[in-house]
Amino acid sequence: MPPSRGAIRPVSDAPDPGLVSPLFPRSPLHDADDHAVASRAADGDVRAFEVLVRRHGALVAAYAARIVSPGDVDDVVQDTFISAWQDLPSLEKPAAVRSWLITVATRKSVDRLRAKRDQSSIDEHDVEDSADGPAQTAVASSLDEALSRALSALPEDQRRCWVLREVAGLGYQEIADELGLPVTTVRGLLARSRKALVREMEAWR
Amino acid sequence: MTDAFADDLPTELTRVLRNVEGVHTVYATRPVVPTVLASVAEAVRREPVGMHQVSVEGSGADIRITANIGVFDGEPAPDVCRRAHDAIVDHIVGRGDPQPVAVTVRVGRVG
Amino acid sequence: MTGSDDTDRPRPDGGPSPLDEAAFEGHSIESLSDYLDRDRQPADPTIESSPAAQHALAALARLRAVAPRVLASEADSYEFPHDHWITRILDQISVQVRAGRDIPVAHDVPTAVLSITEGAVRGVVRDVGDGFAGMLVERVRLDGDIESPGARAVVTVDIVTFAGTDVAAVGEEFGRAVRSALVKHTELSVTDVVVRVRDTGLTDEEVRDR
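Quick caveat: nothing in here was measured; it's all calculated off a predicted structure.

What counts as what
- Per chain, the residues get numbers from 1 upward, laid out in the order the sequence is written.
- Chain labels run from A onward and ligand labels from 1 onward, assigned in the order the entries are written.
- Restriction of local features to residues with pLDDT of at least 70 applies here, the model being predicted, together with a cutoff of 80 or more for giving and counting side-chain atom pairs; totals for whole chains, interfaces and linings are based on all residues.
- In computing side-chain values, all of the structure's heavy atoms are included and hydrogens and water are not.
- Secondary structure counts use DSSP, requiring at least four H or I residues in a row for a helix and at least two E residues in a row for a strand, with both numbered from the N terminus.
- Relative accessible area decides the class of each residue, using a 1.4 Å probe on protein chains only: under 20% of the type maximum gives buried, over 50% gives exposed, and in between gives partly exposed.
- Working rule for contacts: check all heavy atoms of both residues, and any pair within 4.5 Å makes them a contact.
- Accessibility throughout is a Shrake-Rupley quantity obtained with a 1.4 Å probe, and a residue counts as covered only by protein chains that appear here.
- Under the rule applied, a polar contact is a pair of N or O atoms within 3.5 Å (in protein, one hydrogen donor and one hydrogen acceptor; residues adjacent in sequence only if both atoms are side-chain atoms).
- Any residue with an atom within 4 Å of a point lines the site, the site being either a cavity, points on a 1 Å grid over the protein atoms alone where a 1.4 Å probe fits but cannot get out, or a pocket, an open set with protein on both sides within 12 Å along at least 5 of 7 lines.
- Grid points are joined across faces, edges and corners, and a volume is the space filled by probe spheres set on the points.
- Residue classes follow a fixed rule: Ala, Val, Leu, Ile, Met, Phe, Trp, Tyr, Cys and Pro count as nonpolar, while Asp, Glu, Lys and Arg count as charged, and any other residue, Gly among them, counts as polar.
- Only C-alpha atoms enter the line fits that serve as axes; for helices the fit covers just the stretch in contact. Angles between N-to-C directions range over 0 to 180 degrees.
- Our angle categories are set so that under 35 degrees counts as roughly parallel, over 145 as roughly antiparallel, 65 to 115 as roughly perpendicular, and the remainder as oblique.
- Here is the rule for handedness: rotate from the far helix to the near one, and if that takes an anticlockwise turn smaller than a right angle the crossing is left-handed, while a clockwise turn gives right-handed.
- Salt bridges are counted wherever a side-chain nitrogen of Lys or Arg sits within 4 Å of a carboxyl oxygen of Asp or Glu.
- Once two parts are joined, some of their accessible surface, as seen by a 1.4 Å probe, is lost; buried area is that loss totalled over both.
- Aromatic rings from Phe, Tyr and Trp, taking only the six-membered ring of Trp, are treated as a pair when their centres fall within 6.5 Å; an angle between ring planes under 30 degrees marks them as stacked, one over 60 as edge-to-face, and anything in between as tilted.
- For every residue, the predictor assigns a confidence score, pLDDT, that lies between 0 and 100.
- Expected helix span is given by 1.5 Å per residue-to-residue step, counting one fewer step than there are residues.

### Things to note about the overall build of chain B
Then step 1. The helix and strand tally for chain B stands at three helices and four strands.
Then step 2. The buried share of chain B, taken over its 111 residues, is 42%.
Then step 3. A separation threshold of at least 6 residues defines the contact pool for chain B, and within that pool the share at least 24 residues apart is 73%.
Then step 4. Surface summary for chain B: the accessible area is close to 5900 Å², and the carbon and sulfur share equals 53%.

### As for the side chain of S142 of chain A
Then step 1. Among the structural elements, S142 of chain A can be located in the loop between α6 (124-129) and α7 (143-153).
Then step 2. At 3.1 Å, the side chain of S142 of chain A and the backbone nitrogen of E145 of chain A are in polar contact.

### Quick word on the layout of surface pockets
Then step 1. Roughly 620 Å³ of internal volume is contained in the largest pocket.
Then step 2. Of all the secondary structure elements, the ones that give two or more residues to the lining of the largest pocket are α2 (34-43) and α3 (46-64) of chain A, β4 (102-110) of chain B together with α5 (118-130) of chain C.
Then step 3. Sorting elements by how many residues they give to the lining of the largest pocket places α5 of chain C first, with eight residues.
Then step 4. A breakdown of the residues in the lining of the largest pocket according to their chemical character gives nine nonpolar, nine polar and eleven charged.

### What about the packing of helix α1 (residues 9-18) of chain B against helix α3 (residues 77-94) of chain B?
The packing of two helices is summarised by the inter-axis angle and the distance between the axes.
All names here are of chain B.
Then step 1. In the contact formed by α1 and α3, the axes pass within 10 Å of each other and the chain directions differ by 135 degrees. Accordingly, the angle class assigned to the pair α1 and α3 is oblique. Our pair here, α1 against α3, has a crossing hand that is right-handed. Between α1 and α3, the residues in contact are L9, E12, L13, V16 and L17 and A84, A87, I88, H91 and I92, respectively.
Then step 2. Among the residues making up the contact of α1 with α3, the classes are represented as eight nonpolar, one polar and one charged.

### Comments concerning the pattern of salt bridges
Then step 1. All told, the structure shown has 42 salt bridges over all chains when counted by the stated rule.
Then step 2. With a closest N to O distance of 2.8 Å, D45 of chain A and R40 of chain A form a salt bridge.
Then step 3. You can call R40 of chain A buried: its relative accessible area is 1%.
Then step 4. When salt bridges that share partners are traced, they join D72, D74, D75, D79, R112 and K116 of chain A together with R88 of chain C into one network.

### Side note on the interface of chain A and chain C
Then step 1. Residue-level contacts link 76 residues of chain A with 67 residues of chain C.
Then step 2. Across the chain A to chain C interface the summed buried area is about 6800 Å²; carbon plus sulfur atoms make up 58%.
Then step 3. At the surface where chain A touches chain C, the tally comes to 14 salt bridges.
Then step 4. Linking chain A to chain C there are 28 residue pairs in polar contact (both at pLDDT 80 or more).
Then step 5. Broken down by secondary-structure element, the contributors of at least two residues to the side of chain A that touches chain C are α1 (28-31), α2, α3, α4 (70-87), α7, α8 (156-166) and α10 (183-202) of chain A.
Then step 6. Sorting elements by how many residues they give to the side of chain A that touches chain C places α3 of chain A first, with twelve residues.
Then step 7. Partitioning the side of chain A that touches chain C into residue classes produces 41 nonpolar, 13 polar and 22 charged.

### Observations regarding the packing of aromatic side chains
Then step 1. Considering all chains together, one arrives at five aromatic pairs over all chains under this definition.
Then step 2. With centroids separated by 5.0 Å and ring planes inclined at 65 degrees, the aromatic side chains of F49 of chain A and W85 of chain A adopt a geometry described as edge-to-face. In this pair, F49 of chain A is assigned in helix α3 and W85 of chain A in helix α4, connecting sequence segments 36 residues apart.
Then step 3. Overall, F49 of chain A belongs to the buried group, its relative accessible area being 1%.
Then step 4. For W85 of chain A, a relative accessible area of 0% gives the class buried.
Then step 5. Look at F132 of chain C and F174 of chain C: their rings are 5.8 Å apart centre to centre, the planes differ by 85 degrees, and that puts the pair in the edge-to-face class. Pair noted here: F132 of chain C is in the loop between α5 and β3 (135-143) and F174 of chain C is in helix α6 (residues 167-185), with a separation of 42 residues, a long-range link.
Then step 6. Residue F132 of chain C is classed as buried on the basis of its relative accessible area, which comes to 16%.
Then step 7. With relative accessibility at 0%, the residue F174 of chain C sits in the buried group.

### Section: the confidence of the model for chain B
Residues and elements named next belong to chain B.
Then step 1. For chain B, the average pLDDT comes to 79, and 73% of its residues sit at 70 or higher.
Then step 2. Looking over chain B, one finds the lowest element-wise mean pLDDT in helix α2 (residues 40-45), namely 36, and the highest in α3, namely 97.
Then step 3. Predicted confidence is poor over residues 31-52, with pLDDT under 50, and the contacts of this stretch with residues over four places away or in other chains come to 31 contacts.
Then step 4. At the level of chain-chain contacts, confidence expressed as ipTM amounts to 0.80, with global pTM at 0.79.

### Quick word on α10 of chain A
Quick reminder: α-helices carry 3.6 residues per turn. Residues three or four places apart thus point the same way.
Then step 1. Between its first and last C-alpha, α10 of chain A extends 28 Å over 20 residues, near the 28 Å set by a 1.5 Å rise per residue.
Then step 2. Buried within α10 of chain A are the following residues: V186, G188, L189, L190, A191, S193, R194, L197, V198, M201 and E202 of chain A.
Then step 3. Where the residues of α10 of chain A are buried, they touch α7, α8 and α9 (172-179) of chain A together with α1 (29-37) and α3 (51-77) of chain C.

### Observations concerning the packing of α5 of chain C against α6 of chain C
All names here are of chain C.
Then step 1. With their axes 10 Å apart at the nearest point, α5 and α6 run at an angle of 140 degrees to one another. With respect to their mutual orientation, α5 and α6 come out oblique. Considering how the two elements wind past one another, α5 and α6 form a crossing that is right-handed. Contacts between α5 and α6 involve V121, V124, V125, V128 and G129 from the first element and F174, A177, V178, A181, L182 and H185 from the second.
Then step 2. Across the contact of α5 with α6, the residue classes tally to nine nonpolar, two polar and no charged.

Rendered as C-alpha cells:
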C-alpha cells in the first residue's frame, strides 16, 4: 500500500488485550501505544496520563487485590498512580510502563501491609476478606478462572509469596524483607502455593 | 473604599486576572487550605489543582505578587502575560496603594 | 505463552499431580521449586536425570508461563466500585511539577518578572502535533540557557508516526509549524528544531529526521 499523506491509521505496536481497537479511533492518543502515551505523560500531558490510568488501572487493582485486603485496593491504586506521575519522567523505557506500574504497586502494597502489621491490629475480617477473588460464576469456565479461584483459596501468605515471585519477579530475600518473614519460610510458602496451583492446572490438561 | 465585607487582596486580584482578555485560568501558586494529611511527604505531593489564588506577600510599600495563569493561544502568550501584569498593577494603584515591589506572572499553559 | 486450550474441562478424577511428593527421589517440592527459581543453576545431576523430577519441573515451568495470563484475565473482569477512582487520582496530580524552567518575557516595567514555563512550551508543541494527522508528539526538549532573556534554544521533538504517514513530509511541515508557534508564544531565539521520528511501522529503532 503506497504511503498516503495525512492517513490517520494509528497502529499500536503494543496491543493491549484489554483494549478494543476501533477501526476509526476517537483520538490518536487513545489508541497510541504505551511508549507514546507514557512519553507524553512524562512530559506533562495530563490527558495522556489519564489514558495510562484507564488503560492499566484494572491491572494494578487486580494485582493489589492479591496482596492487600479488598478495602485497601482503592488506596493502593491511587497511591500507585500518584507516585507514578511523580516518577514517570525518570522511567527510561516508556514502553515498559505497564510492568513498571506493577513494580510501583508492589511497593505501595507492601507499604500498606507493613503499616497494618506495625499497627498490630488483628483483623479477622481482613483474613477472611483477603480470600475473596474476582466475581465468580458457578463453574470455572477456563483455566485462567480456575487458577484465579485456586489463588483465592490459598492462605494469604502463600498467595502473596506466589504473586510477588511470579508477577512482580521479586527474589526470595526481597519477598522475605517485604513480608517480614524468614527466607526459609518464603521458600516453604512458595512451594506449597505452587503445589496447590499445579494440581489445579494439571486437572485442566 | 473600605468595606467590612470586602474580599481580601488575593481574591480581588484573582478576579481581576480572570477578567483579563486572553486569560482563561488562574492557577494556584500554593495550596490555599492545607488538608489533613498523613505525612509531610504527602503534603508536598498533594497540591490541589483548581484552587484559584494569587499570592501576595508583604504589605504596604513592600508588596510582592505572584500569579500563575493559563492563556488562550489566539494571541502571543507574552502579550497576554504583559497585559495581566499591567492589570494587577493598575488594580493596586487604583485602590490607592503603592506600586508593588515585584509582580511575577508566569504563564503555565497556552491553549 | 502456553498452548492451554480454554475449552478443556477438568478430568473427573483429577489424576495424579506431577508434584505429588511420593514420585520424587529424595527431592522435596521445596528444593525443586527453589531449583527452578535458581534457573537450574548450578545443574544438579540427580534432578536432571530423574524423570519424575523433570516432570515436576516441567509442571512448575508451565505454571510460571501461565501466571501473567491469570492476572490479565482478572484485570479484564475487574470492576471498580464507582467511577470516582479516576477523578480522585487526577485531582491529586499537580501540573506545576512539570513546569520546568521559566523562560523570560520582556516588559518595560522594571518590577515585572514575567515568564512562560518550559511546561507550557511543551504543551504548545504537543498541540501543534495534534493538528497533524498521522503523528503524535511524544517528548519535547529545550536545550540552551533558556532562562536568560532572548536566549538561543535548540528544540528537539520526538514524534511517533503511524502506518501510511509520509514521514519525511510530515516531519518537515511539523518542524516549520513548531518554529512558528514558538516564535509566536516565546521570546526565545530558536536556532534549530530537530524532529526525531519513531515509526511504528518499523522496529523500535529511532530514525533521526532533521
